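The residues making up each chain are set out below.
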Amino acid sequence: RDGRRIKHGVLIRCGVLSKATDSDLKLLKEKYHVNYVFDLRTAYEVNRWPDRIIEGATYVNMPIQDDNNNFWQLILEAPGDTAEEKLINFAMNPKANPMMKQLYVGMVSDEYCQLQYAALLDRILRSEGTMLWHCTQGKDRTGLATAFLLAALGFDRKTIVDDFALTNVPYQPNIDRLSLKLKLRGANKDAFEAIQAEEGVSIKNFEAALDYIDQNYGSMENYIKEIFVLTDDELDTLKDKFLE
């Protein structure tokens, strides 16, 4: 809002780090000099798909969702021999779309998630160097972390929503392919909405979470101060640290 921009290459939102190539790791080390990696996945995900290590970086596991309340476990347990079949079968479950619609609202209102996001912003505030954060796909838990950080840095809602929407760019080919398979199965509108939210992101669901924050806390700024316990001085420090 004050006309400044984020300094280039100091805050990195990342996707599937477990599938990073050697050239990816070299880029993150030699060009971006990543100092910290914040892994937002559960212990189950970390153990099943361990990160490839960026040499010299400090790794911190900060699971946004409790292992006993892992929404994504429901998709993994859906019928099907492949990940794609599981996604399609889950999307066609009548419970899928209502669950997806509540995902972001649930995360911004859940006390465990709130505490973890607060801890993440505190670590970003108090750490030095280039920081990278990710979950399994870099879209939901990671996307909300990015939204909170952008809000803390003073960006307006439109900028935050536009940034969040960029998630769908790399995932669109997968969304289109899975949507075609749903069409061939005669799926209903709810299933198409669910696959959009599963494989990409639903902007409507994301804005519902922002509306929840506005309705219950007055504004994102109030939410950040009250829930993440960040003071005006700390927010100024965060801005001076990452903006130019």
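The preceding data block contains the structure.
Keep in mind that what you see is a predicted model, and the values were worked out from it rather than measured.

Visitor: How should I be thinking about the pattern of salt bridges in this particular structure?
Guide: Think of it this way: side chains of opposite charge can pair up when their charged atoms draw near. Applying the stated rule across the entire model yields 21 salt bridges. Among the salt bridges present, the one from Asp163 reaches Arg13, with a minimum N-O distance of 3.9 Å. One end of the pair, Asp163, is in helix α8 (residues 157-165); the other, Arg13, is in strand β1 (residues 11-14), and 150 residues separate them in sequence. Here Asp163 falls in the partly exposed class, since its relative accessible area comes to 29%. Among the residues examined, Arg13 registers a relative accessible area of 27% and is labelled partly exposed. For the salt bridge of Lys181 with Glu84, the shortest nitrogen-to-oxygen distance reads 2.4 Å. Within this pair, whereas Lys181 is found in helix α9 (residues 168-184), its partner Glu84 is found in helix α4 (residues 83-91), the two being separated by 97 residues in sequence. A network of salt bridges, in which partner residues are shared, links Arg157, Glu207, Asp211 and Asp214.

Visitor: Explain α8 to me, please; I cannot follow it from the model alone.
Guide: Because each turn of an α-helix spans 3.6 residues, side chains separated by three or four positions end up pointing in the same direction. Where α8 is concerned, the buried positions are Ile160, Val161 and Phe164. Down the axis of α8, the buried set is contained in an arc of 95°. They therefore lie on one face. Considering only its buried residues, α8 is in contact with β1, α5 (96-109), α7 (141-152) and α11 (203-217).

Calculation rules
Residues numbered from 1 in each chain as written. Predicted model: local features only at pLDDT ≥ 70, side-chain atom pairs only at ≥ 80, totals over all residues. Heavy atoms only, no water. Salt bridge = Lys/Arg side-chain N within 4 Å of Asp/Glu carboxyl O. Helix = DSSP H or I, 4+ residues; strand = E, 2+ residues; numbered from the N terminus. Buried < 20%, exposed > 50% of the residue type's maximum accessible area, 1.4 Å probe, protein only. Arc of directions from axis to C-beta. Contact = heavy atoms within 4.5 Å.

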